[in-house]
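Chain by chain, the residues:
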Amino acid sequence: MSDPRRAIPRTDALLREPAVAAAAERLGRERAKDVVTRTLAQARHGALAPHRVRETVLARLLDLESSGTTLVPVLNATGVVVHTNLGRAPLAHAAREAVYAATGYVDVELDLATGARAGRGRGTLAALRERVPEAEDALVVNNGAAALLLATTALGAGREVVVSRGEMVEIGDGFRLPALVESAGARLREVGTTNRTTVADYAEAVGEGTGALLKVHPSNFRVAGFTSAPTVDELADLGRAHGTPLVVDIGSGLLAHDPLLPDEPDAASTLRAGAGVVTASGDKLLGGPQSGLVLGHAPLVERMRRHPMARALRVDKLTLAALEATLRGPVPPVPLAVHARADELEARTRSLAARLSDRGVGLADPAVVPVEGRVGGGGAPEVPLPGWAVSLPERYAAALRLGSPAVLARLDRGRCLVDLRCVPREQEDALVEVVVAVGA
Ligand SMILES: *Cc1c(COP(=O)(O)O)cnc(C)c1O
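One structure accompanies this document, and this report is about it.

Rules and cut-offs
- Residues numbered from 1 in each chain as written.
- Predicted model: local features only at pLDDT ≥ 70, side-chain atom pairs only at ≥ 80, totals over all residues.
- Heavy atoms only, no water.
- Phe/Tyr/Trp six-rings, centres within 6.5 Å; stacked < 30°, edge-to-face > 60°.
- Lys NZ or Arg CZ within 6 Å of the ring centre and 35° of its normal.
- Core = buried A, V, L, I, M, F, W, Y, C linked by side-chain atoms within 4.5 Å.
- Buried < 20%, exposed > 50% of the residue type's maximum accessible area, 1.4 Å probe, protein only.
- Helix = DSSP H or I, 4+ residues; strand = E, 2+ residues; numbered from the N terminus.
- Contact = heavy atoms within 4.5 Å.
- Salt bridge = Lys/Arg side-chain N within 4 Å of Asp/Glu carboxyl O.
- Pairing = 2+ DSSP bridges.
- Right-handed = clockwise from strand over helix to strand, strands pointing away.
- Polar contact = N/O pair within 3.5 Å; in protein donor to acceptor, adjacent residues only side chain to side chain.
- Near = heavy atom within 4 Å.
- Areas by Shrake-Rupley, 256 points an atom, 1.4 Å probe, with all protein chains shown as cover.
- Nonpolar A, V, L, I, M, F, W, Y, C, P; charged D, E, K, R; others polar.
- Expected span 1.5 Å × (residues − 1).

### A few points about the packing of aromatic side chains
Link 1 in the chain: By the definition in use, this model includes 0 aromatic pairs.
Link 2 in the chain: Its guanidinium or amino end placed over the ring of Trp388, Arg350 lies 5.5 Å from that ring's centre, counting from NZ or CZ.

Shown next, in the form of C-alpha cells:
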C-alpha cells in the first residue's frame, strides 16, 4: 500500500485554493500560512487524516477570523501546575465570567450612588484585605516584578536598599531582581554571603542613607547545607529600631499558610512577623490573572500608590475583575490541582487508561505509572506532588501537541506521560478523542 501521507496537500497548493486565498486576504497571508503549516504538520504526524486537511484548514481560518486570536488552547497533561509556557494559572470559571462581564463599560472608577469619581478597583482591593486581614491597605499592579519595582522605587529611590547576597536571584529567562531594583534608581547594598547572612550584617549596613530593607524569597532554588538567613521578625525589629521599612517579596502569592508547602512564605504570616510591605504574583499559587499584589502598612502602601510610577504599572479593568472573582469565588484550579489527592488521580488515570485501551490505543507497559507532579512557575521547587499518569509510546507527544485540542504531555525516558492533575474532568472526553485520533 502507498504511504497515505503522500495524499497530504502541499502548502502552496492549499494557499492557492480560492476559499483559503480569500481568508488569507482578510486575515493576512502570514497568519493564514501559519494555520496551514500547523495543520499540515499535524497530518504528517498522523494526528489528522490527509483527506481532512482541507476542511480543517478552512474551519481553523474561520475560527481565527471569529475569535481574532492565534492563541491555541492547550490541555496541560504535564502535571506541572503553574506552567510558565502555558500562561501560568488557568482562570477559575468565576474569573472568566467576571472578565467577560467587565469587557463593556463598568463602574471601575465611578460611584453609581453619588455619580462622583470613586477609587479604582476598590472592590478588588477590599477582597484582598478581607482575605488578608493583617494588611491595612493593598494595591494591585501589573505583575510581581512591577510590585517589587514600585516598592523599592517608592521607598528606596535615591537611597540604599539593603539585601542579602543569598537573595540576589534570577527568577527566570534572564530576569534578575538586582537589575530590576537598580533600574529605577535605588542602590542595592549587598550584605552577607551567598550561603550565610545574619541580622548583624544588615545592622552594619543600615544608616542615614537606607531607604528600605529587602527580603526576597528564592523561589526557584534551594541553598542547602551550611546556611542561615535572618527571619522576617529579626529584620522587622531592626527596621523598627531605625525607622526603616521592611519589604518582603514572597513571590508565589500564597495568602495564608499552606501545610502542604511548609517552606513557602505567605502574605498573612509575613505581615504578622512585622513586614511593612509584602509583594507577590497573582498568577502563581493564588491562581488568578497576571498581576502583582502589594499588601501592608497603610502609609507605605499609600506612598507607593502616590508614586508617579504607579500609574505606569496599573492594571486594567479585566484584571481587576478576574482577580476579585478569584479572591471571592470557589477554590480556583491552581490550588485545586496542587492539592489533588493521589488516590483520586489514580482512579481517574486508571479509568482513562481503560477507555483508551477499549478504543484500541496501544498503551506502554505498564500503562499506568506513579509520577511526581510539580507546582512549577518558580514556586516550591522541592515539593513533589504524588500523582499518576497514563504511559503512551514516545511518538505520541509531538502529535498530541498538534492535536485539536492541543495536548502537552510529559516526556520521560522514552515514554509520553499523560498526567490528569491539571486536566479538568469535563475535558477528559476531548482528551480521549485526541489520543484515539493520534493513535489511529
Ligand atoms: C515570580 C517571582 C517574581 C516575578 O513575578 P512576576 O509576576 O513573574 O513578575 C518576583 N519575585 C519572586 C520571588 C518570584 O517568585
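Additional details are given in the paragraphs that follow.
### A look at the nonpolar core
Link 1 in the chain: One finds Leu128, Val132, Tyr202, Leu213, Leu246, Leu295 and Leu327 to be the most contacted residues of the largest nonpolar core, which totals 35 residues.
Link 2 in the chain: It is helix 10 (residues 232-242) that contributes the most residues to this core, 4 residues altogether.
Link 3 in the chain: Once residues lying within four places of it in the same chain are set aside, the contact partners of Val132 are Leu255, Ala267, Ala268, Leu271 and Leu295.
Link 4 in the chain: The next biggest cluster of nonpolar side chains, apart from the first, holds 29 residues, and it includes Ala154, Val163, Val216 and Val247.

### Focus: the pattern of salt bridges
Link 1 in the chain: Counted by the stated rule, this structure contains 30 salt bridges.
Link 2 in the chain: As a salt-bridge pair, Arg88 and Asp283 come within 3.0 Å of each other at their nearest N and O atoms. Taken together, the residues Arg88 in the loop between strand 1 (74-76) and helix 5 (93-101) and Asp283 in the loop between strand 9 (277-281) and strand 10 (292-296) connect sequence positions 195 residues apart.
Link 3 in the chain: Across the pair Glu302 and Arg305 runs a salt bridge, and its minimum N-O distance is 2.8 Å. Highlighted residues: Glu302 and Arg305, both in helix 12 (residues 298-306), separated by 3 residues, approximately one helical turn.
Link 4 in the chain: By relative accessible area, Glu302 is classed as partly exposed at 24%.
Link 5 in the chain: Of the residues examined, Arg305 reaches a relative accessible area of 29% and is grouped as partly exposed.
Link 6 in the chain: Overlapping salt bridges bring together Glu109, Arg117, Arg120 and Arg314 as one network.

### Some points on the pairing of strand 7 (residues 210-216)
Link 1 in the chain: Judged by how many residues are buried, strand 7 sits mostly within the fold: 7 of 7 residues are covered.
Link 2 in the chain: Pairing geometry for strand 3 (residues 160-164) and strand 7, over 4 bridges, is parallel. Across the sheet, the residue bridging to Glu160 is Thr210, located in strand 7.
Link 3 in the chain: Sheet topology places strand 7 next to strand 8 (residues 246-251); 4 bridges connect them, and they run parallel. Across the sheet, residue Lys215 finds its bridge partner in strand 8, namely Val248.
Link 4 in the chain: Handedness of the strand 7-helix 10-strand 8 crossover: right-handed.

### Considerations on the side chain of Gln42
Link 1 in the chain: By the secondary structure assignment, Gln42 is in helix 3 (residues 29-44).
Link 2 in the chain: Within the structure, Gln42 has its side chain in polar contact with the side chain of Arg60 (distance 3.0 Å).
Link 3 in the chain: Not counting residues up to four positions away in its chain, the partners in contact with Gln42 are Ala47, Leu48, Arg60, Leu402, Gly403 and Ser404.

### Details of the site of the ligand
Link 1 in the chain: Every residue close to the ligand is listed here: Arg88, Asn143, Gly144, Ala145, Ile171, His217, Ser219, Asp249, Gly251, Ser281 and Lys284.
Link 2 in the chain: Between the ligand and the protein, one listed contact pairs an oxygen atom with a side-chain N or O atom of Lys284 at 2.7 Å.
Link 3 in the chain: Here the ligand has 380 Å² of accessible area as a free molecule, and 94% of this is covered by the chains.
Link 4 in the chain: When residues of the shell around the ligand are traced back to their parent elements, those giving at least two are helix 7 (144-156) and strand 8.
Link 5 in the chain: Taken together, the residues of the shell around the ligand sort by class into 2 nonpolar, 6 polar and 3 charged.

### Description of the environment of Leu400
Link 1 in the chain: The topology assignment puts Leu400 in helix 17 (residues 396-401).
Link 2 in the chain: When its relative accessible area of 0% is taken as the criterion, Leu400 is described as buried.
Link 3 in the chain: Distance in space between the C-alpha atoms of Leu400 and Cys416 is 9.8 Å, their sequence separation being 16 residues.
Link 4 in the chain: Once residues lying within four places of it in the same chain are set aside, the contact partners of Leu400 are Leu392, Pro405, Ala406, Val407, Cys416, Val434, Val435 and Val438.

### Observations concerning helix 14 (residues 317-328)
Link 1 in the chain: With 12 residues, helix 14 ought to run about 16 Å at 1.5 Å a step, and its terminal C-alpha atoms sit 16 Å apart, in line with that.
Link 2 in the chain: All of the buried residues along helix 14 are Thr319, Leu320, Ala321, Ala322, Leu323, Ala325, Thr326 and Leu327.
Link 3 in the chain: Contacts made by the buried residues of helix 14 are with helix 5, helix 6 (122-131), strand 2 (137-141) and strand 10.

### Looking at unusual backbone geometry
Link 1 in the chain: A cis amide bond links Asp365 with the next residue in sequence, Pro366, at an omega value of 0°.
Link 2 in the chain: Tracing the chain through its elements places Pro366 in the loop between helix 16 (342-358) and strand 11 (368-373).
Link 3 in the chain: Its identity is not glycine, yet Arg88 carries a phi of approximately 55°, on the positive side.
Link 4 in the chain: Phi at Arg413 takes a positive value of approximately 40°, unusual for a residue other than glycine.
Link 5 in the chain: As for its placement among the helices and strands, Arg413 is situated in the loop between strand 14 (410-412) and strand 15 (415-419).
Link 6 in the chain: Overall, the relative accessible area of 74% leaves Arg413 in the exposed class.

### Describing the side chain of Thr152
Link 1 in the chain: Relative to the elements of secondary structure, Thr152 occurs in helix 7.
Link 2 in the chain: Those residues within four positions of Thr152 in sequence are excluded, and the remaining contacts are Ala157, Val161, Val181, Ala186 and Leu214.

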